[in-house]
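# Tertiary structure, described
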Amino acid sequence: MKFRLIRQEPGDELCGQACVAMVLGVCLETACYHVAKYKRSGSQELGRTLRAFGWKVPHKLIRGHPEKGTPAIALWRDPKQRGHWVLWTGDYWLCPTDGKLATVKDGWIAERY
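Described below are features of the structure shown in this document. Owing to the predicted nature of the structure, the values given are computational and were not obtained by experimental measurement.

As a further point, take the nonpolar core. Counting residues in each nonpolar core, the largest one holds 21 residues, and the members touching the most others are V20, L50, I73, W85 and L87. Of all the elements in the fold, those that place two or more residues in this core are α1 (15-24), α2 (28-36), α3 (43-52), β2 (72-77) and β3 (83-88). In terms of residue count, α1 provides more of this core than any other element does, 8 residues in total. By size, the runner-up hydrophobic cluster in this structure holds 9 residues, among which are A74, W76, W88 and W93.

This is the structure:
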């Protein structure tokens, strides 16, 4: 499956919505509209949005790196436990702020759907 990078504007906190947009193949505004139906943009709301579009998504995040070849939305946590949503394409990471990345940022932990 091929994904198109969708970036968030600097200072925006729309990384989760950008990842949903990349998975669904829609624009950021459309993803924001659908995620906003749930009033928040945490893991539960992102999962509900993806399930509403027919994606099979677990109801809880799973700790660890996603499998090669299997796309996943992941929550990276920095050493201070601040989170940032990114998309694992199955081969590399697509980050709404940093673009295409080969590895998780140093010191960050990945949790995924």
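To continue, consider the side chain of T49. Here T49 is to be found in helix α3. Looking at T49, the relative accessible area reads 1%, which means it is buried. Setting aside residues no more than four positions away along its own chain, T49 makes contact with V20, H34, V35 and Y38.

Once that is clear, we can look at the packing of aromatic side chains. Scanning all chains against the criterion turns up 2 aromatic pairs. Taken together, a centroid distance of 5.1 Å and an interplanar angle of 70° make the contact between W76 and W93 edge-to-face. Residue W76 is located in strand β2, and its partner W93 is located in strand β4 (residues 93-95); the two are separated by 17 residues in the primary sequence. Neither W76 nor W93 differs from the other in exposure class; each is buried. Judged by centre distance (5.0 Å) and plane angle (55°), the rings of W88 and W93 are tilted. Residue class for W88 comes out buried when judged on its relative accessible area of 5%. The exposure class of W93 is buried, given its relative accessible area of 0%. Ring pairing ties together the aromatic residues W76, W88 and W93, which thus form one cluster. Positioned above the aromatic ring of Y92 is the side chain of K100, whose terminal nitrogen or guanidinium carbon lies 4.2 Å from the ring centre.

About the cut-offs
Residues numbered from 1 in each chain as written. Predicted model: local features only at pLDDT ≥ 70, side-chain atom pairs only at ≥ 80, totals over all residues. Heavy atoms only, no water. Core = buried A, V, L, I, M, F, W, Y, C linked by side-chain atoms within 4.5 Å. Buried < 20%, exposed > 50% of the residue type's maximum accessible area, 1.4 Å probe, protein only. Helix = DSSP H or I, 4+ residues; strand = E, 2+ residues; numbered from the N terminus. Contact = heavy atoms within 4.5 Å. Phe/Tyr/Trp six-rings, centres within 6.5 Å; stacked < 30°, edge-to-face > 60°. Lys NZ or Arg CZ within 6 Å of the ring centre and 35° of its normal.

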